[in-house]
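Okay, here's what each chain looks like letter by letter:
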Amino acid sequence: MPEAVRVTQLSHHYGNNAVFQSVSLTLDQGQCMAILGPSGCGKTTLIRAIAGLITPTTGQIQIHGETVVKDGKSLIDPAKRGVSMVFQDYALFPNMTVAQNIAFGIQDQPNATERVEGLLQLAEIDSLADRFPSQLSGGQQQRVALLRALAPRPKILLLDEPFANVDSHLKQQLGNALRRILAHEGASAIFITHDQSDALSLSDRVAVMTASPAGTTVGQLDTPESVYLHPATPAVAALTGGTQLRTVEAVDSKVTLFGQTIALAQPMSGLITLLIRPEQLEFIEDEHGSIEVVSISFQGPQRLLKCMYQSEQLVVHHHCRIKEGARGYFKARMPLFGWPEKHSATTTKG
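About the thresholds
- Residues numbered from 1 in each chain as written.
- Predicted model: local features only at pLDDT ≥ 70, side-chain atom pairs only at ≥ 80, totals over all residues.
- Heavy atoms only, no water.
- Pairing = 2+ DSSP bridges.
- Helix = DSSP H or I, 4+ residues; strand = E, 2+ residues; numbered from the N terminus.
- Salt bridge = Lys/Arg side-chain N within 4 Å of Asp/Glu carboxyl O.
- Buried < 20%, exposed > 50% of the residue type's maximum accessible area, 1.4 Å probe, protein only.
- Arc of directions from axis to C-beta.
- Contact = heavy atoms within 4.5 Å.
- Axes fitted to C-alpha atoms, helices over the stretch in contact; angles between N-to-C directions.
- Parallel < 35°, antiparallel > 145°, perpendicular 65-115°, else oblique.
- Nonpolar A, V, L, I, M, F, W, Y, C, P; charged D, E, K, R; others polar.
- Phe/Tyr/Trp six-rings, centres within 6.5 Å; stacked < 30°, edge-to-face > 60°.
- Lys NZ or Arg CZ within 6 Å of the ring centre and 35° of its normal.

A. Quick look at the pairing of strand E5 (residues 66–70). In the sheet, strand E4 (residues 58–63) pairs with E5 via four bridges, with the strands oriented antiparallel. Along E5, the bridge assignment pairs Gln62 with Thr67. Linking E4 to E5, which pair antiparallel, is a turn of two residues; within it His64 sits at a positive phi near 50°. Where E5 lies against strand E6 (residues 73–74), two bridges are found, and the strand directions are antiparallel. From the neighbouring strand, Val69 faces E6, where its bridge partner is Ser74. Counting the residues in the hairpin turn of E5 and E6 gives two residues, including Asp71, whose phi is positive at 50°.

B. How the structure looks around the pattern of salt bridges. As enumerated under the stated definition, the model contains seven salt bridges in all. Linked by salt bridges that have partners in common, Lys171, Asp195 and Asp198 make up one network.

C. Up close: helix H3 (residues 112–122). Along H3, the positions that sit buried rather than exposed are Ala112, Arg115, Val116, Leu119, Leu120 and Leu122. The arc enclosing the buried residues of H3, seen along the axis, measures out at 160°, which places them on a common side. Exposed residues lying more than 90 degrees from the buried face of H3 are Thr113, Glu114 and Gln121. Buried positions along H3 lie against helix H2 (98–103), helix H4 (138–150) and helix H5 (168–185). Positive backbone phi, approximately 60°, marks Glu124, located one or two places after H3.

D. Expanded view of the packing of H3 against H5. Running from N to C, H3 and H5 point in directions that differ by 140°, and their axes come no closer than 10 Å. In terms of orientation, H3 lies oblique with respect to H5. Here Arg115, Leu119 and Leu122 of H3 come into contact with H5, specifically with Arg180, Ile181, His184 and Glu185. Among the residues making up the contact of H3 with H5, the classes are represented as three nonpolar, one polar and three charged.

E. Representation of the side chain of Arg115 within the structure. Mapped onto the fold, Arg115 is located in helix H3. The class for Arg115 is buried, based on a relative accessible area of 10%. Residues within four places of Arg115 in sequence aside, it is in contact with Ile106, Leu150, Ala151, Arg153 and Glu185.

F. Geometry of the side chain of Gln302. With respect to the helices and strands, the residue Gln302 is situated in the loop between strand E17 (291–298) and strand E18 (303–309). Leave out the neighbours within four places in its chain, and Gln302 touches Ser297, His317, His318 and His319.

G. Molecular detail of the sheet that holds E17. Across the sheet, which stays open at both edges, the five strands sit in the order E16-E20-E17-E18-E19 with antiparallel pairing between neighbours. Looking at which strands have only one partner, the edges of the open sheet turn out to be strand E16 (281–285) and strand E19 (312–318). The average undirected angle you get between the axes of adjacent strands in this sheet is 40°. Examined bridge by bridge, E16 and strand E20 (residues 327–332) share five bridges and lie antiparallel to one another. For Phe283, the partnering residue across the bridge sits in E20 and is Phe330.

H. Just the packing of aromatic side chains, in detail. Applying the stated rule across the entire model yields six aromatic pairs. With 5.6 Å between their ring centres and 90° between their planes, Phe337 and Trp339 make a pair best called edge-to-face. Residue Trp339 is classed as buried on the basis of its relative accessible area, which comes to 3%. Ring pairing ties together the aromatic residues Phe258, Phe283, Tyr309 and Phe330, which thus form one cluster. Sitting over the ring of Tyr228, Arg277 keeps its end group 4.1 Å from the ring centre.

I. Looking closely at the pairing of strand E3 (residues 32–36). Burial of E3 is extensive: five of the five residues sit out of reach of the surface. A two-sided burial pattern is seen for E3, the buried positions comprising Cys32, Ala34 and Leu36 on one face and Met33 and Ile35 on the other. Sheet analysis places E3 next to strand E9 (residues 188–193), joined by five bridges and oriented parallel. In the sheet register, Leu36 faces E9, and the bridge partner there is Thr193. For E3 and strand E10 (residues 205–210), the ladder comprises four bridges, and the chain directions are parallel. Note on E10: the bridge partner recorded for Ala34 is Val206.

Okay, structure coming up:
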């Protein structure tokens, strides 16, 4: 599959302050990539560099095999890169209708009207063509901004926190619409987010931005399943979901946790940092069990149990009614993942 974007050893500085350092990533044609990281880690600066809105200090960017930036020099004008960007606030023109907003970048083309009508039907908002942005919901504004960016048929679509201004119950619906429209248009996309659920559920690949001594970089680039189940480092694990770390001794790819033997997902022996997600362990009620439920947090489809074993605490998901003070034991739903102990100096021994 041909590459849509290749970023190689990209760095950017403002004075002596590194925004990001030695960032490398690739996106194949037709794929959707999420760039996941906390606020202030340089995500927006990175996609602005791909768009050509800033020129990074060092490194190289290629779009469909053509080098557009190299070592602090812009080689291809941003308008000629085949890239469109959707901003976080959508930046719709308030005095233009929905149809006029979408047509803005193609209004001089002979088939502009047909193109706008086709996009409106594709996004299922053709009934909104004559409305103004102030008459639209946040989700509707997002779709209009997306269609305006797609109207010129860009090679790459870049989206800055596309779901930040959308109610949580609409995210999956809008994310599915985004994927459907991108597939129909044959476009590749990169979106940035600080929400791990958006990154994992709406992308083909996830680039997780993590801190390093020299500045923020890509800690892992892989499929959503891989970065969640087999994170490269504890920092990647923390950004992709609920994380509990324990320093334990592995023997023949097994560990003893809270008095029980649990299998590991990979061959390991010696001192390791063990990763435990709340859903990976099941609490089994047993009045003779050595683990006690000390508090319960109701979260709709599941409960979050805070459990104690001697002086150690662990949080797990539970799907049935249970009372505080219940006793029992843990059963692993799946093998657990870990790293050699050198990966973390801040784990808790258990």
